[in-house]
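Architecture and fold: a report
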Amino acid sequence: MREFRIFVQKEFFHIFRDRWTTLILLVLPVLMIILFGFGITTEIRNTKFAVYDPSRDAATQEIVNKLESSDYFTLDSYLSSPGDIEQLFKEGRVGFVIVFGEKFYQSMLHTGDAKIQLIADGTDPNTASILTNYATALINTYQQELFASQLIAESGKRGITAETRLLYNPTLKSAYNIVPGIMGMILMLICAIMTSVSIAREKELGTMEVLLVSPMKPFLIILSKLVPYFTISIINYITILLLSVFVLKVPIAGSLVLLTALSLLFIFVSLSFGILISSLVEKQIVALLISGMLLMMPAVFLSGLMFPVESMPQVLQWFSHILPVKWFIIAVRNVMIKGLGFSSIIKEVAILTGMGIIILMASIKKFKYRLE
Amino acid sequence: MTHSTPHKISDTPAISCRNISKSYGKVNALHDITFDVQQGEIFGVIGPDGAGKSTLFRILTTLLLPDTGDATVEGFDVVKEYKKIRKIVGYMPGKFSLYQDLTVEENLRIFATLFNTTIEENYHLVKDIYSQIEPFKTRRAGALSGGMKQKLALSCALIHKPSILFLDEPTTGIDPVSRKELWEMLRKLKSQGITIIVSTPYMDEASLCDRIALIQNGSFLRIDTPDNIVKSFGNRLISVRGENMGELLKRLREIPGVISCFAFGDSHHVAAEKSSNQLNSLTADTLAENLKKQGYTNLEVKNIEPGIEDCFMELTAK
């Protein structure tokens, strides 16, 4: 036990005597939460728009007011001719331009073919489609209100209007999506990447050679490496939760105990992954590349953190199933955001447990008691 | 578990190696190595870089598996009983293998703990060596000089009182003074009854060993005491010094009676046949005369005693 304790201590020395390692382990999670939570956001906030309005009647005025009074948009300017539109986009001054047809209000009431055109910058298709969706939604609201006030007269023209309501995240805050994803990424980063790199470092520097020629069980050497990273993962888990609740205002809807148990399970899976990678490679850079390419990149792209998995090609969707982080993120969403109980995540928990056991067995089997 | 008293079975050799071969892919790192190391001797494995020294050490320290052959360390098989061997040997790899970001004392403490002992308990074992670096015990190992690093590494390898010490190129890359000190320490350790097997690329260190094995391209050329190896040098050895050494080397090799000629620092060593027929025999005098006839002046030609390196060259030339 004494040797185990001194080896854990040694590992902490390695971490805290290297400024960059310390920084990565403790500051990176905070940075990521803040960056993803505030900076890289899919929310629309105070986007400028311009208007070309040849009609200048009550209806167009009402629509512009509606857009401007929302949090999403601010009015930049009225344009005197449609020819100015391109210049505006070239200057990058506005997110979109709204163009009304002539005699807008009259056409709407009588012929029913009042025209509105929304022009957005397609070089950034994501933002463009979000902007136009938001604007369209606002215009539709106006239309419904208008018809409601003239209910009797226009009842025949109403048709069907779909009303969308987003559950669990009514205000469409992207932080709701970001927090489970960041949690998955950070825990994976610290457990898998840092563990595999730290074991590979012992091999690369030749210290593993000396450690092996000793009575200490290799199993204990590895275990002593896991303890510090496990501890740091727990610290980061707490940091992420605190930041998300108090800074990003994402509440923990479900049971904290369940969420913690789930995270511990995921930490166990990630640590096993780290050991497996380290038992396959000899060099730190290879460990870093493998864990980076094999774990982090797919974690970002295929876990549904940034893009919905459902819209990906079938092959990539299959591939995403083998990523532990994907199941973790789904389960965290269920517990943390939706506030569901254990019964809702049985499948995810079972998959993660299975993966953990398989990976751990593989890494024990692959573990080398010699140099080859 | 107590390994503080290494068991010694005086009639079993400390190391016994039978027909060990090892290859990496197509590269034959070791070929049919057979030798014994007796209890309490300093056994040197001497040869150039890439000769297979480290591979041999790693097989004996149970870090690599031999392709064929058997080896035992203190009577334990290196493959089947590797766990027992790992408890009783001290190993210092060729590359500096301590934690550079930990202090001198922390390193020593870790290695003491690794073998279930403490610095305090076995301080007397490493006192001679460790006392020299103890003033710097709070310094990080990475900030030590080459010689001090080796002393620390040796302390770490010794702290658990191993019965056999494996030192892979301990003197490579350190200054001559530290080299000398290190060898003095090895003599002291030998007097405490520790068997030492040491590898080195420096031929001049051979005479400091009890017995040596000359290794080249994965094969042992010769195993004997340094004296016997030198005595067995079969030719007359003549040292030649002069101007234009490059061309002189070529010319020397063309002279009849010259078996081989190699550049040794600032002179050429010429191996000449010791013939019973005095007339044909090439001596320092006849060689000097021959060269003078060819127009060389300012020559210093003399008979010399062969060293290990001359023997090594003779053996590799065969």
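As the structure is a computational prediction, the values presented were derived from the model and not from experiment.

Reading the values: rules and limits
- Residues numbered from 1 in each chain as written.
- Chains lettered and ligands numbered in written order.
- Predicted model: local features only at pLDDT ≥ 70, side-chain atom pairs only at ≥ 80, totals over all residues.
- Heavy atoms only, no water.
- Pairing = 2+ DSSP bridges.
- Helix = DSSP H or I, 4+ residues; strand = E, 2+ residues; numbered from the N terminus.
- Axes fitted to C-alpha atoms, helices over the stretch in contact; angles between N-to-C directions.
- Contact = heavy atoms within 4.5 Å.
- Buried area = accessible area lost by both parts, 1.4 Å probe.
- Salt bridge = Lys/Arg side-chain N within 4 Å of Asp/Glu carboxyl O.
- Patch = residues over 30% accessible without salt bridge, like charges linked within 9 Å, V, L, I, M, F, W, Y side chains within 5 Å.
- Areas by Shrake-Rupley, 256 points an atom, 1.4 Å probe, with all protein chains shown as cover.
- Domains from an automatic or database assignment.
- Polar contact = N/O pair within 3.5 Å; in protein donor to acceptor, adjacent residues only side chain to side chain.
- Nonpolar A, V, L, I, M, F, W, Y, C, P; charged D, E, K, R; others polar.

1. A word on the sheet that holds strand β12 (residues 258-264) of chain B
Residue and element names in this part refer to chain B.
- Within the open sheet, the four strands sit side by side as β12-β13-β11-β14. Their pairing is antiparallel. Taken across any chain shown, the strands that pair with only one partner, and hence form the sheet edges, are β12 and β14 (300-303). For this sheet the average axis-to-axis angle between neighbouring strands, irrespective of direction, equals 20°.
- As paired strands, β12 and strand β13 (residues 267-272) are joined by six bridges and run antiparallel to one another. Bridging across to β13, Cys261 finds its partner in Val270.
- Taken strand by strand, helix α8 (residues 245-254) contacts β11 (236-241), β12 and β13, and its axis lies near 165° from that of β12.
- Contacting β11, β12 and β13, helix α10 (residues 308-317) crosses the sheet at an angle of about 130° to β12.

2. Concerning the interface of chain A and chain B
- Facing 25 residues of chain A, the contacting portion of chain B comprises 35 residues.
- Contact with chain B buries area across many residues of chain A, yet Arg17, Val213 and Arg370 of chain A alone supply 25% of it, more than any other trio.
- Here chain A and chain B share two salt bridges between them.
- The shortest N-O distance in the salt bridge between Glu209 of chain A and Arg58 of chain B comes to 2.9 Å.
- Elements with a contribution of two residues or more to the side of chain A that touches chain B: α1 (2-17), α9 (175-205) and α10 (207-212) of chain A.
- In terms of residue count, α1 of chain A provides more of the side of chain A that touches chain B than any other element does, eight residues in total.

3. Thoughts on a nonpolar patch on the surface
- Residues Phe16, Trp20, Leu23, Leu26, Val27, Leu31 and Ile235 of chain A make up a contiguous nonpolar surface patch of about 650 Å² in total accessible area.
- Relative to the helices and strands, Phe16 of chain A is located in helix α1.

4. Comments concerning the environment of Leu294 of chain A
All names here are of chain A.
- Here Leu294 lies in helix α13 (residues 284-302).
- Separated by 29 residues in the primary sequence, Leu294 and Leu323 have C-alpha atoms spaced 9.3 Å apart.
- The residues contacting Leu294, other than those within four sequence positions of it, are Leu289 and Leu323.

5. A few points about unusual backbone geometry
Residues and elements named next belong to chain B.
- Even without glycine at this site, Glu74 takes up a positive phi of about 50°.
- Mapped onto the elements of the fold, Glu74 is located in the loop between β4 (68-73) and β5 (76-77).
- The backbone of Glu169 shows a phi angle near 45°, a positive value even though the residue is not glycine.
- Assignment of secondary structure puts Glu169 in the loop between β7 (164-168) and α6 (176-191).

6. Focus: the domain arrangement of chain B
Residues and elements named next belong to chain B.
- For chain B, the assigned domains read domain 1 (15-230) and domain 2 (233-317).
- Relative to domain 2, the C-alpha centre of domain 1 lies at a distance of 37 Å.
- In total, about 890 Å² of surface goes out of reach between domain 1 and domain 2, with carbon and sulfur atoms giving 83% of it.
- Looking only at domain 1, the three residues that lose the most surface to domain 2 are Met203, Leu221 and Val230, adding up to 59% of its buried area.
- There are zero salt bridges connecting domain 1 and domain 2.
- The tally of links between domain 1 and domain 2 comes to one residue pair in polar contact (both at pLDDT 80 or more).
- Broken down by secondary-structure element, the contributors of at least two residues to the side of domain 1 that touches domain 2 are β9 (211-216), β10 (219-224) and α7 (226-231).
- Looking at the side of domain 1 that touches domain 2 residue by residue, the classes come out as eleven nonpolar, two polar and one charged.

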